[in-house]
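Residue-level structural notes
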Amino acid sequence: MSKVAVVMGSTSDLPIMQEAVDILSGFDIEVEVDIVSAHRTPEKLYEFSKQAHKNGFAVIIAGAGGAAHLPGMVASLSPLPVIGVPVKSSNSIDGWDSVLSILQMPGGVPVATVALNGAKNAGILAAQIIGSQDKCVMDKILLYKEGLKEKVIHGAKELKKK
């Protein structure tokens, strides 16, 4: 079974990044969570990124605020797909600094970037990547998407009752 690494620059990112952990757990995908700071623990960043594929990870979700170098640095060192989550942090300029730092990667070093604080979508995207090769995960994604559809249909019916 494939697993996903969810890494972030500091514990202050955890409330946002927990959404990725929760959605992946709902799809029964193994998740490992860690703090890996691009600026404060560069040696740990390097070791984690270079070894992630050897440690059984299929996808890496990296969340960061402010300058948000973590996702890009991970992507520069790892052959795995990296999904970046820009986090609106206390030192952020409305989150745009984080969004642009993750989004504007140079050619050859892609980072799939979700919306500001969009860790839930990062988790879903990671599951879809794994599901492309794992029928069991794909079946769970299909059920999840059907549930989204049913929720909208139910909401529309409730609206018409009012």
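Reference entry: report on the structure contained in this document. (Residues numbered from 1 in each chain as written. Predicted model: local features only at pLDDT ≥ 70, side-chain atom pairs only at ≥ 80, totals over all residues. Heavy atoms only, no water.)

1. Notes on the pattern of salt bridges
One pass over the structure, following the stated rule, counts 6 salt bridges. The salt bridge involving D139 is made with K135; its shortest N-O contact spans 2.9 Å. In this pair, D139 and K135 are both assigned in helix α6 (residues 135-161), 4 residues apart and thus about one turn of the helix distant. One salt bridge in this structure joins K161 and E158, with 3.3 Å as the shortest N-O distance. Here K161 and its partner E158 are both found in helix α6, 3 residues apart, which amounts to about one turn of the helix. Judged by its relative accessible area of 30%, E158 is partly exposed. (Salt bridge = Lys/Arg side-chain N within 4 Å of Asp/Glu carboxyl O. Helix = DSSP H or I, 4+ residues; strand = E, 2+ residues; numbered from the N terminus. Buried < 20%, exposed > 50% of the residue type's maximum accessible area, 1.4 Å probe, protein only.)

2. Section: the sheet that holds strand β3 (residues 57-65)
If you walk across this open sheet you meet the 5 strands as β2-β1-β3-β4-β5, and the pairing is parallel. Each having just a single partner strand, β2 (30-35) and β5 (112-113) make up the two edges of the open sheet. Sheet topology note: the strand β1 (residues 3-8)/β3 ladder contains 6 bridges and is parallel. Across the sheet, the residue bridging to K3 is F57, located in β3. Sitting on the sheet, helix α1 (residues 14-26) touches β1, β2, β3 and β4 (82-87), and the angle it makes with β1 is about 175°. (Pairing = 2+ DSSP bridges. Contact = heavy atoms within 4.5 Å. Axes fitted to C-alpha atoms, helices over the stretch in contact; angles between N-to-C directions.)

3. Observations regarding the packing of helix α2 (residues 42-51) against helix α3 (residues 70-77)
Contact geometry for α2 and α3: axes closest at 8 Å, N-to-C directions at 50°. Comparing their axes, α3 and α2 come out oblique. Crossing hand, α2 versus α3: right-handed. The residues of α3 that touch α2, namely those facing L45, Y46, F48, S49 and K50, are L70, M73, V74 and L77. In terms of residue class, the contact of α2 with α3 is built from 7 nonpolar, 1 polar and 1 charged. (Parallel < 35°, antiparallel > 145°, perpendicular 65-115°, else oblique. Left-handed = near helix turned anticlockwise from the far one by under 90°. Nonpolar A, V, L, I, M, F, W, Y, C, P; charged D, E, K, R; others polar.)

4. Comments concerning the pairing of β2
Two strands pair when backbone bridges link them, and β1 and β2 are joined in this way by 6 bridges, in the parallel orientation. Along β2, the bridge assignment pairs K3 with E30. Handedness of the β1-α1-β2 crossover: right-handed. (Right-handed = clockwise from strand over helix to strand, strands pointing away.)

5. Here's the deal with α1
For α1, which comprises 13 residues, the first-to-last C-alpha distance of 18 Å matches the rise-based estimate of 18 Å (1.5 Å per residue) to within 8%. The inward-facing, buried residues of α1 contact β1, β2, β3, β4, α5 (119-131) and α6. D28, located one to two residues past α1, shows a positive phi value of around 60°. (Expected span 1.5 Å × (residues − 1).)

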